[in-house]
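# Per-entry structural report
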Amino acid sequence: MPQIRLMGSDSDDVQRTADAVVRALRSWPETRVGGVSSPVPNRRGSGCRIYIEVLADVDDDVIDVTVEREDQAAPVRERRALPAGRRRLPR
């Protein structure tokens, strides 16, 4: 099962973040949360790691949908760094 690893130098912050991520994933109908590890101390430095097992629970009949934001600016056209042409070298 795929895993998400949350880690940081502040164990309390990692635990609060993991709790929020698990709540969000459980509320989403297309994901299934498996095991959530106990905090594992970091190998170097302070803090901890928490692993969350996640599985996408998607039916084969689901149609893929692409959503584009309307509030984004139009794409920027690519510009050259220097104008095209020859450059004369001093003699």
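### Some details on the overall build of the chain
Summing up its helical and strand segments, the chain has one helix and four strands in all. Going residue by residue from the N terminus, the α and β elements of the chain occur as β-α-β-β-β. In the chain, buried positions account for 14% of the 91 residues. Taking the intrachain contacts of the chain between residues at least 6 apart in sequence as the baseline, contacts between residues at least 24 apart amount to 55%. Carbon and sulfur atoms make up 48% of the accessible area of the chain, which amounts to about 8700 Å² in all.

### A short note on the confidence of the model for the chain
In the predicted model, the chain carries a mean pLDDT of 80, and 63% of its residues have values of at least 70. Across the chain, strand 3 (residues 40-41) holds the top mean pLDDT of 94, while strand 2 (residues 31-36) sits lowest at 91.

### Some details on the pattern of salt bridges
Within this structure, the stated rule accounts for one salt bridge. Arg16 is paired through a salt bridge with Asp13; the nearest N and O atoms lie 3.7 Å apart. Of this pair, Arg16 and Asp13 both sit in helix 1 (residues 11-27), separated by three residues, roughly a single helical turn. Using a relative accessible area of 51% as the deciding quantity, one classes Arg16 as exposed. Taking the relative accessible area as the measure of exposure, Asp13 reaches 38% and is therefore partly exposed.

### A few points about the side chain of Arg49
Mapped onto the secondary structure, Arg49 falls in strand 4 (residues 48-56). Here Arg49 occupies a buried position and makes no salt bridge, while the nearest side chain of opposite charge, Glu53, is found at 14 Å. Of note is the side chain of Arg49, whose polar atom sits 3.0 Å from the side chain of Tyr51.

### Here's the deal with the environment of Ser9
For Ser9, the location among the structural elements is in the loop between strand 1 (3-8) and helix 1. Note: C-alpha distance between Ser9 and Arg44 (35 residues apart in sequence) is 9.6 Å. Discounting chain neighbours no more than four positions away, the residues touching Ser9 are Ser46 and Gly47.

Scoring rules and cut-offs
- Residues numbered from 1 in each chain as written.
- Predicted model: local features only at pLDDT ≥ 70, side-chain atom pairs only at ≥ 80, totals over all residues.
- Heavy atoms only, no water.
- Helix = DSSP H or I, 4+ residues; strand = E, 2+ residues; numbered from the N terminus.
- Buried < 20%, exposed > 50% of the residue type's maximum accessible area, 1.4 Å probe, protein only.
- Contact = heavy atoms within 4.5 Å.
- Areas by Shrake-Rupley, 256 points an atom, 1.4 Å probe, with all protein chains shown as cover.
- pLDDT = per-residue confidence, 0-100.
- Salt bridge = Lys/Arg side-chain N within 4 Å of Asp/Glu carboxyl O.
- Lys, Arg positive; Asp, Glu negative; His and termini not counted.
- Polar contact = N/O pair within 3.5 Å; in protein donor to acceptor, adjacent residues only side chain to side chain.

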